[in-house]
Amino acid sequence: MTSRMVAGAVLGAALFIAGAALADDAPKLTELSPNGADVCFGRVYDAAHLKAHPHQKVARIFFYHGHDPASRPNEEPSSMSDAAYNGFLTTTVRGAKKPEWAAGWCNKEDPSDKASGIRCGMECDRTLASLKVDDKGRLILSNVQRDVYLDAGAEEDLGKAKYNEQALGSEDDNFRLDPMPADTCKAEFARIDPIDPAIGAPLRERLKPDQPFCYGRDYDDAHLKSHPDQMTQSIRVFRGPIELASFAAGGDAANWPDGADIAISVTTRQKEAKVTQTYSCQGEADQWRCSASSKMSDFACDISQKEIFLKRGASGTMLLANPNNALAIVDLCSKMAGGKTKSDDKVYRLNPMPQSACTP
């Protein structure tokens, strides 16, 4: 998809789970896959074809029917791993370095009619494409909308010139795709967002529901001198006995990390005393979204919208983003906490520490 929600400097990803059907429960489209296996169709257009079709932007196109080939190891609960579309389209337009992709649910327009066509729908009652297999086993992909990668109402929002620039071309329809090995489509989808081996497994796999952890950093005088706007002198992110007991009493390990409590302790230059705040987290794309909790004390305001974000970093580190003054470096009910963080206290790269370093 074309847009990603970004929180601070490190966060975000487009989500496609609302109303999703389970791939294993979706109707089997025997026209596409007689034996029920995942199937791939694709085509790469040569220079001669593109020259003859100047209004076709698409240079590479692949359609995959089956289990999600696009998702990467993420932080969403494992119970959501089967929630997916069953039709996936990826195209690369002329001159682009990476493909774009969209997903939909593909079903017979009339299940009682064997001759009925196949329609792949998207959210907001939009159409991804209509499908038909010809007598040579090629997939005819038609009714592809020019704004398939854009938000609904994009033409009105962007204006005609910008819309034409970002939308597909007027000849980007009625594609005739050849059958290809499933791995060919998987390799094409992997070009969208290549996996960085340096960041390793998701936090939800590294950090277990019943095990404590401690990450942190102490900033020395040299660092603080070079970052005069940074208030944080020391920071810890941890789950200890209290947080473990809370999850054991009311959490669901199958939905980990949803409902996981974490504690964050901060020492600032201005205050020598350590301030600790509890947050309740949930997995979202490639991050943990954690809302400040009132479990530790009463607040004069609703702090449920005070959020920080955790994300795995390279070489076993953890990234913490504080885009909206949600860390207890300031009073969470103060006017200062009402807007975006303006200091150098926005993103922290934290290292694993022994649990003793996170003792409250």
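Structure's up top.
How each quantity is defined
- Residues numbered from 1 in each chain as written.
- Predicted model: local features only at pLDDT ≥ 70, side-chain atom pairs only at ≥ 80, totals over all residues.
- Heavy atoms only, no water.
- Helix = DSSP H or I, 4+ residues; strand = E, 2+ residues; numbered from the N terminus.
- Buried < 20%, exposed > 50% of the residue type's maximum accessible area, 1.4 Å probe, protein only.
- Contact = heavy atoms within 4.5 Å.
- Pairing = 2+ DSSP bridges.
- Axes fitted to C-alpha atoms, helices over the stretch in contact; angles between N-to-C directions.
- Disulfide = S-S within 2.5 Å.
- Arc of directions from axis to C-beta.

## Looking at the environment of Gly104
1) Next: Topologically, Gly104 is positioned in strand β4 (residues 100-108).
2) Next: Accessibility expressed as a relative area gives 0% for Gly104, which makes it buried.
3) Next: Distance from Gly104 to Gly121, taken between C-alpha atoms, is 5.1 Å for residues 17 residues apart in sequence.
4) Next: If sequence neighbours within four positions are ignored, Gly104 has contacts with Tyr85, Asn86, Gly87, Gly121 and Leu128.

## Re the sheet that holds strand β6 (residues 126-133)
1) Next: With antiparallel pairing, the 8 strands of this closed barrel are ordered in space as β1-β2-β3-β4-β5-β6-β7-β8. Between one strand axis and the next, the sheet turns through 30° on average, direction left out of account.
2) Next: Sheet topology places strand β3 (residues 87-93) next to β4; 5 bridges connect them, and they run antiparallel. Its bridge partner lying in β4, Leu89 is registered against Ala102.

## Examining the state of the cysteines
1) Next: Under the counting rule described, the total for this entry stands at 4 disulfides.
2) Next: With its sulfur 2.1 Å from that of its partner, Cys40 forms a disulfide with Cys185. Disulfide Cys40-Cys185: the torsion about the S-S bond is 80°, which places it as right-handed. Separated by 145 residues along the polypeptide, Cys40 in strand β1 (residues 39-44) and Cys185 in helix α4 (residues 182-190) bring together distant segments of the chain.
3) Next: Its relative accessible area of 0% is what places Cys185 among the buried residues.
4) Next: At a sulfur-sulfur separation of 2.1 Å, the disulfide partner of Cys281 is Cys290. Its torsion about the S-S bond being 105°, the disulfide of Cys281 and Cys290 is classed as right-handed.
5) Next: Take Cys281: its relative accessible area is 3%, and that puts it in the buried class.

## Here we look at the sheet that holds strand β14 (residues 307-312)
1) Next: Read around the closed barrel, the 8 strands follow the order β9-β10-β11-β12-β13-β14-β15-β16; overall the barrel is antiparallel. Strand-to-strand twist across the sheet, computed as the mean angle between neighbouring axes with direction ignored, equals 30°.
2) Next: Pairing geometry for strand β9 (residues 213-218) and strand β16 (residues 347-352), over 2 bridges, is antiparallel. Each bridged residue has a counterpart across the sheet, and for Tyr215 the counterpart in β16 is Pro352.
3) Next: Seen against the sheet, helix α7 (residues 241-250) touches β10 (232-239) and β11 (260-268) and runs at an angle of roughly 160° to β11.

## Re α7
1) Next: Residues of α7 that are buried include every one of Glu243, Leu244 and Phe247, and no others. Buried residues along α7 cover an arc of 100° about the axis, so they all sit on one side. For α7, the exposed residues set more than 90 degrees away from the buried face come down to Pro241, Ile242, Ala248, Ala249 and Gly250.
2) Next: Where α7 is buried, its residues touch β10 and β11.

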